[in-house]
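Descriptive structure summary
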Amino acid sequence: MIFAANWKMNIGPSEARRFAKAFVEAVPLQSRREIWFFPSAVTLTTTVKAFRDRPDIRCGVQDVHWAPDGAFTGAISVALAAASGATLALVGHSERRHLFGESDDETGKKVRAVLEGGLTPLLCVGETLEERERGDTMAVVLRQLEMALAGLEPEQIRRTVVAYEPVWAIGTGRTATPEDAARVHALIRASLVDWGATTPKVLYGGSVKPDNIVSLLAQHELDGVLVGGASLTTATWSSLVAKGVEARLTPQ
Ligand code: 13P
């Protein structure tokens, strides 16, 4: 099970140090789940250092450029991310797609670059409200997956983790029902298996909070969650992780 925190454009280095200190005290080392942090690029090294004694915690970047190097002001290559201690990279987050105009094709180039650079991609897919209301959820998710993963070797597909984040559920307080999420997860899982994955991991994201984590994780199609707002304080994030772990260990 994976609990992933996307800090987006929040939390600078000194706040990250304070966060990590309190978090490692509140959340003991456990082998049954991993906790992933995606801090801002300027906070990455501090976060990596702060969690260096915790093998259950990994850190990554929120975005990468697909080129190995060059004149791309403001962008970060996979090699630069790795050199700063990242072992993960978010790719195709809906905010990159919809606010910054990232195309399906660009997302695909990023996934390939991340895999070739030896990092684990966490590929995000998900439909907008308009697409959902048109009944296009499955078609959109499938298109995003196909465009992102086209031409990859089965070994690369096996290393790719996918997050289903319906755009209308992000930061809005609205979540997909656990059953709706599970249906989309089943489609994603089946596609990944078709393309060579053996035990695909699919996370859910979009207004996940301590008070809905238990019902979401009751769906065994969810291998974990990708969380924005509720990962920004030690109190909410540690409570969400604790409740989530307990939900999976206690049969419903
Ligand atoms: P919220 O949890 O704030 O809805 O954000 C979800 C998200 O975008 C995580 O990547």
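Located above this text is the structure these notes cover.
Residues numbered from 1 in each chain as written. Predicted model: local features only at pLDDT ≥ 70, side-chain atom pairs only at ≥ 80, totals over all residues. Heavy atoms only, no water.

**Overview of the packing of aromatic side chains**
- Under the definition given, this model contains 9 aromatic pairs.
- Ring plane angle 65° and centroid distance 4.9 Å describe the contact between W7 and F19, whose orientation is recorded as edge-to-face. With W7 in the loop between β1 (2-6) and α1 (13-26) and F19 in helix α1, the pair connects residues that are 12 residues apart, well separated along the chain.
- With a relative accessible area of 4%, F19 lands in the buried category.
- Note on F23 and F37: the rings are 5.6 Å apart at their centroids and 90° apart in plane angle, and the pair reads as edge-to-face. With F23 in helix α1 and F37 in strand β2 (residues 34-38), this pair connects stretches of sequence that are 14 residues apart. (Phe/Tyr/Trp six-rings, centres within 6.5 Å; stacked < 30°, edge-to-face > 60°. Helix = DSSP H or I, 4+ residues; strand = E, 2+ residues; numbered from the N terminus. Buried < 20%, exposed > 50% of the residue type's maximum accessible area, 1.4 Å probe, protein only.)

**Things to note about the site of the ligand**
- Near the ligand lie 13 residues; those nearest to it are K8, H93, G171, S207 and G229.
- One of the side-chain N or O atoms of E165 is found 3.0 Å from an oxygen atom in the ligand.
- Within the backbone of G229, a nitrogen or oxygen atom sits 2.8 Å from an oxygen atom of the ligand.
- Compared with its free state, where it exposes 310 Å², the ligand has 97% of that area covered by protein.
- Of all the cavities here, the one that holds the ligand is the second largest pocket.
- Looking at the shell around the ligand residue by residue, the classes come out as 4 nonpolar, 7 polar and 2 charged. (Near = heavy atom within 4 Å. Polar contact = N/O pair within 3.5 Å; in protein donor to acceptor, adjacent residues only side chain to side chain. Areas by Shrake-Rupley, 256 points an atom, 1.4 Å probe, with all protein chains shown as cover. 1 Å grid on protein atoms, 1.4 Å probe; cavity = no way out; pocket = protein on both sides within 12 Å on 5 of 7 lines; lining within 4 Å. Sits in = over half its atoms within 2 Å of the grid points. Nonpolar A, V, L, I, M, F, W, Y, C, P; charged D, E, K, R; others polar.)

**Here we look at the state of the cysteines**
- Throughout the structure, instances matching the rule amount to 0 disulfides.
- Considering cysteine sulfurs only, C124 is the nearest to C59, which forms no disulfide, with 17 Å between them.
- Taking relative accessible area as the criterion, C59 reaches 5% and is therefore assigned buried.
- Under the relative-accessibility criterion, C124 is labelled buried at 1%. (Disulfide = S-S within 2.5 Å.)

**What to know about the environment of A75**
- Locating A75 in the fold gives a position in the loop between β3 (57-61) and α3 (78-83).
- The exposure class of A75 is partly exposed, given its relative accessible area of 36%.
- Sequence separation of A75 and A41 is 34 residues, and the distance between their C-alpha atoms is 9.9 Å.

**As for the pairing of strand β6 (residues 161-164)**
- Both faces of β6 are covered, namely the face carrying V161 and A163 and the face carrying V162 and Y164.
- Summarising the sheet, strand β5 (residues 120-125) and β6 pair through 4 bridges and their orientation is parallel. Bridging from a neighbouring strand, L122 pairs with V161 of β6.
- At this point the chain moves from β6, through helix α9 (residues 178-194), to the parallel strand β7 (residues 202-205), and the crossover so formed is right-handed. (Pairing = 2+ DSSP bridges. Right-handed = clockwise from strand over helix to strand, strands pointing away.)

**What to know about the layout of surface pockets**
- By volume, the largest pocket amounts to about 620 Å³.
- Around the largest pocket sit 24 residues that line it, and Q62, D63, V64, R96 and F100 are the ones nearest its centre.
- Classifying every residue of the lining of the largest pocket gives 10 nonpolar, 7 polar and 7 charged.
- Of the pockets and cavities examined, the second largest pocket occupies roughly 160 Å³.
- If you trace the second largest pocket, you find 16 residues lining it, with K8, I170, G171, G228 and G229 closest to the centre. (Points joined across faces, edges and corners; volume = space filled by probe spheres on them.)

**Notes on unusual backbone geometry**
- For K8, which is not a glycine, the phi torsion comes out positive at approximately 50°.
- Summarising the element assignment, K8 is placed in the loop between β1 and α1.
- Positive phi values are uncommon outside glycine, yet S207 reaches one of about 55°.
- Summarising the element assignment, S207 is placed in the loop between β7 and α10 (213-217).
- The exposure class assigned to S207 is buried, which follows from its relative accessible area of 7%.

**A look at the side chain of D223**
- Topologically, D223 is positioned in the loop between α10 and β8 (224-227).
- Engagement of the side chain of D223 in a polar contact is seen with the backbone nitrogen of V202, the distance being 2.8 Å.

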